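Chain residues, written in single-letter form:
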Amino acid sequence: MEFWNKELETLKSQKLRQLQLERLKKTILRVYQKVPHYRVKFQEAKVKPTDIKHLEDIHKLPFTTKEDLYVDYPFGLVALPVEKLIRLHTSSGTTGKPKAIFFSKKDINNSADIIARCLVMTGAKRGDILQNSMTYGLFTGAFVMHYGAEKVGILVIPAGPGNTERQITLMRDFGTTMLHITPSYALYVASVILDKGIDPRKDLKLKRAYLGAEPYSEETRKKIEEMLGIDIYNCYGLTEMNGPGVGFECKYKAGLHIWEDNFLMEVINPESGEPVKDGEIGELVLTTLNREAMPLIRYRTRDLTRIIPEPCKCGRTHRRISRILGRSDDMFIVKGVNIFPQQIEQVLMSIKGVAQNYQIILESYDEMTVKVEIDKELFDGKIERLIKMKEEIIDKIRSATMVKPKVELLEPGTLPISEGKAKRVIDNRTI
Ligand code: DLL
């Protein structure tokens with residue numbers, strides 16, 4: 001199995017913890033000295049950098065939340081003078097202003113290095129051709145992956161998203177071997193490839209795809225793997241932590257390795273803020289250990305996951321997390337029940353005949369409507385088949401969520417196509 005940096009990736013756990021502690025202490029001292037916002041927060045929590053003697057002492061420090069990013073916006077949390085910053089990325093916030101993250105030259109280099117580890121871990125190497133179908137621009141998705149792939153020596157096609165005909169032409173003309181794409185767009189592109197009568201196993205050179213930027217289920221992975229005859233690897237990240245590559249699957253596809261020399265991870269109970277037991281589900285909290293321009297301490301990601309404490313067969317010592325189960329912000333309530341869109345996606349993608357697109361419409365607190373596209377042929381057949389399918393969807397969603405949905409079956413192409421992050425939930429409730 002290939003490694004980009006075998007020594008660091010397989011560092012004995014004890015050494016890895018030592019390295020984390022050294023970097024944590026340095027980071028805390030730096031933000032205390034350079035970022036007034038953190039200094040004040042630490043003082044309010046009555047904690048000094050010298051109080052951090054063990055990794056567990058991190059619990060003494062206050063959390064950083066999205067709201068902290070807006071204090072003295074946009075440079076409030078930056079630890080370097082502007083002359084040392086070379087890149088800005090943002091991510092659209094739910095409330096007006098975007099979250100702004102700055103990178104120094106060292107940060108750009110380091111994030112590329114992290115991506116290089118991720119790609120090589122999945123078997124990618126020189127000679128591979130990566131079609132980068134994520135959005136280039138303020139979003140981290142495309143640029144961060146681009147620099148990492150180039151670092152490995154991989155030929156990058158900076159396709160960006162959209163124009164599906166052209167995506168397919170690029171794949172055919174240049175022999176694309178790998179895709180970087182959102183799961184919702186991947187489903188769509190795969191369906192267009194098949195509709196055009198292209199046999200991806202024979203007519204294309206695709207081997208693998210990196211899917212991330214939004215939650216998706218194991219069922220969606222399997223569906224796209226089967227449609228295209230490729231291996232799909234889950235790629236997790238967030239703008240606040242450089243973008244893609246914070247967590248990445250290895251060839252065993254059994255959880256995402258978090259690069260622990262770069263990120264200190266905790267999983268907490270989102271209500272109490274207390275750590276959960278190893279292996280229990282909670283909110284992922286991350287501290288940057290190797291970031292120059294904008295170190296973040298105990299950043300609340302809002303993403304729900306659990307740590308997989310067992311060692312991985314690949315030999316990497318960096319612990320894994322499970323697939324992101326949902327974002328606490330994405331959860332919605334119907335009939336008093338907490339529901340994550342992913343629960344519905346999981347059900348839909350496991351049902352034969354369901355196509356790639358769906359939406360959840362919320363008009364009241366007592367009802368949810370699931371609009372789902374199904375294979376075209378089903379509309380040409382007997383009405384009984386449609387009724388049976390609708391009942392199957394209703395039953396399975398009810399047993400997964402405890403809420404009986406209304407279901408509308410639609411022809412493919414009815415719902416809006418997403419080329420980036422899909423908007424799955426339309427919440428029209430006003431109060
Ligand atoms: O989505 C960074 C990224 C780009 C990751 C490309 C992977 C690939 P943001 O726009 O800041 O950054 O959104 C981050 O998206 O907190 C999660 O809620 C969600 N997310 C990202 N990757 C995954 C994934 C990029 N693999 C937010 N599974 C995160 C589930 C994901 N959710």
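Now for a description of the structure that goes with this document. (Residues numbered from 1 in each chain as written. Predicted model: local features only at pLDDT ≥ 70, side-chain atom pairs only at ≥ 80, totals over all residues. Heavy atoms only, no water.)

### Some thoughts on the layout of surface pockets
Logical step 1: The computed volume of the second largest pocket comes to approximately 410 Å³.
Logical step 2: Along the walls of the second largest pocket sit 16 residues, with S191, D195, A355, Q356 and D375 positioned nearest its centre.
Logical step 3: Every element with two or more residues in the lining of the second largest pocket is listed here: α7 (183-195), α9 (218-228) and β18 (354-364).
Logical step 4: Per-element tally for the lining of the second largest pocket: the top contributor is α7, with five residues.
Logical step 5: Taken together, the residues of the lining of the second largest pocket sort by class into eight nonpolar, three polar and five charged.
Logical step 6: Shared between two domains, the lining of the second largest pocket takes at least three residues from each, and those domains are domain 1 (1-329) and domain 2 (332-427). (1 Å grid on protein atoms, 1.4 Å probe; cavity = no way out; pocket = protein on both sides within 12 Å on 5 of 7 lines; lining within 4 Å. Points joined across faces, edges and corners; volume = space filled by probe spheres on them. Helix = DSSP H or I, 4+ residues; strand = E, 2+ residues; numbered from the N terminus. Nonpolar A, V, L, I, M, F, W, Y, C, P; charged D, E, K, R; others polar. Domains from an automatic or database assignment.)

### Some points on the pairing of strand β19 (residues 367-374)
Logical step 1: Counting buried positions over the eight residues of β19 gives six, a clear majority of the element.
Logical step 2: Here β18 pairs with β19 via seven bridges, running antiparallel. The residue bridging I360 from the neighbouring strand is V370, located in β19.
Logical step 3: Pairing geometry for β19 and strand β20 (residues 406-410), over five bridges, is parallel. In the strand pairing of β20, E373 is matched with L410. (Buried < 20%, exposed > 50% of the residue type's maximum accessible area, 1.4 Å probe, protein only. Pairing = 2+ DSSP bridges.)

### Here we look at the packing of aromatic side chains
Logical step 1: In total, this model carries eight aromatic pairs according to the counting rule given.
Logical step 2: The interplanar angle of 20 degrees and the centroid separation of 6.2 Å between the aromatic rings of Y32 and F42 together place this pair among those described as stacked. Of this pair, Y32 sits in helix α2 (residues 13-34) while F42 sits in helix α3 (residues 36-44), and the two are 10 residues apart along the sequence.
Logical step 3: When the ring of Y38 is compared with that of F42, the centres are 5.8 Å apart and the planes differ by 45 degrees; the resulting orientation is tilted. Here the residue Y38 and the residue F42 both occupy positions in helix α3, the gap between them amounting to four residues, near one helical turn.
Logical step 4: One aromatic cluster is present, formed by Y32, Y38 and F42 through successive ring pairs.
Logical step 5: Sitting over the face of the ring of W259, R117 holds its NZ or CZ atom 4.9 Å from the ring centroid.
Logical step 6: Across the ring face of Y365, the terminal group of R429 is positioned such that the distance to the ring centre comes to 4.1 Å. (Phe/Tyr/Trp six-rings, centres within 6.5 Å; stacked < 30°, edge-to-face > 60°. Lys NZ or Arg CZ within 6 Å of the ring centre and 35° of its normal.)

### Let's talk about the pattern of salt bridges
Logical step 1: With the rule as written, the count across this model stands at 27 salt bridges.
Logical step 2: The closest approach of N and O atoms between R221 and E249, which form a salt bridge, is 2.8 Å. With R221 in helix α9 and E249 in strand β8 (residues 243-249), the pair connects residues that are 28 residues apart, well separated along the chain. For the pair R221 and E249, one class covers both residues: buried.
Logical step 3: We note a salt bridge from D427 to R429, for which the minimum N-O separation is 2.9 Å.
Logical step 4: Looking at D427, the relative accessible area reads 39%, which means it is partly exposed.
Logical step 5: Each of K66, D303, R327 and D329 takes part in a single network of salt bridges with overlapping partners. (Salt bridge = Lys/Arg side-chain N within 4 Å of Asp/Glu carboxyl O.)

### Regarding the sheet that holds β18
Logical step 1: In space, the four strands of this open sheet follow the order β20-β19-β18-β21, with mixed pairing throughout. One side of each edge strand has no neighbouring strand; the edge strands of this open sheet are β20 and β21 (425-427). The average undirected angle you get between the axes of adjacent strands in this sheet is 20 degrees.
Logical step 2: Sitting on the sheet, helix α10 (residues 341-349) is in contact with β18, β19 and β21, with an inclination near 145 degrees to β18. (Axes fitted to C-alpha atoms, helices over the stretch in contact; angles between N-to-C directions. Contact = heavy atoms within 4.5 Å.)

### Brief notes about the side chain of R323
Logical step 1: Residue placement: R323 occurs in the loop between β14 (320-321) and β15 (326-327).
Logical step 2: Of the polar contacts made by the side chain of R323, one reaches the side chain of E218; its length is 3.1 Å. (Polar contact = N/O pair within 3.5 Å; in protein donor to acceptor, adjacent residues only side chain to side chain.)

### Comments concerning the sheet that holds strand β7 (residues 231-238)
Logical step 1: Spatial ordering of the open sheet is given by β4-β3-β5-β6-β7-β8-β9-β14-β13, a layout of nine strands whose pairing is mixed. Two strands close off the open sheet at either side, each with one partner strand: β4 (155-157) and β13 (307-308).
Logical step 2: With three bridges connecting them, strand β3 (residues 129-132) and β4 associate as parallel partners. In the strand pairing of β4, I129 is matched with L155.
Logical step 3: Most of the contacts of helix α4 (residues 105-121) go to β8, to which it runs at about 35 degrees, and overall it touches β6 (208-212), β8 and β9 (256-258).
Logical step 4: Across the face of the sheet, helix α6 (residues 164-174) comes into contact with β3, β4 and β5 (178-181) while running at roughly 170 degrees to β3.

### A closer look at the side chain of N357
Logical step 1: Mapped onto the elements of the fold, N357 is located in strand β18.
Logical step 2: Look at N357 and you get buried, because its relative accessible area is 10%.
Logical step 3: From its side chain, N357 meets the backbone oxygen of P416 in a polar contact 3.0 Å long.
Logical step 4: At 2.9 Å, the side chain of N357 forms a polar contact with the side chain of R424.
Logical step 5: With residues near it in sequence (within four places) discarded, N357 still touches K371, V372, E373, L415, P416, I417 and R424.

### Structural notes on helix α5 (residues 140-152)
Logical step 1: Here α5 spans 19 Å end to end across 13 residues, near enough to the 18 Å set by a 1.5 Å rise per residue.
Logical step 2: Those residues of α5 lying buried are T140, G141, A142, V144, M145, H146, G148, A149 and V152.
Logical step 3: Residues of α5 that are buried sit in contact with β1 (85-91), α4, β3, β4, β5 and β8.
Logical step 4: Just downstream of α5 lies G153, where phi reads positive at about 100 degrees. (Expected span 1.5 Å × (residues − 1).)

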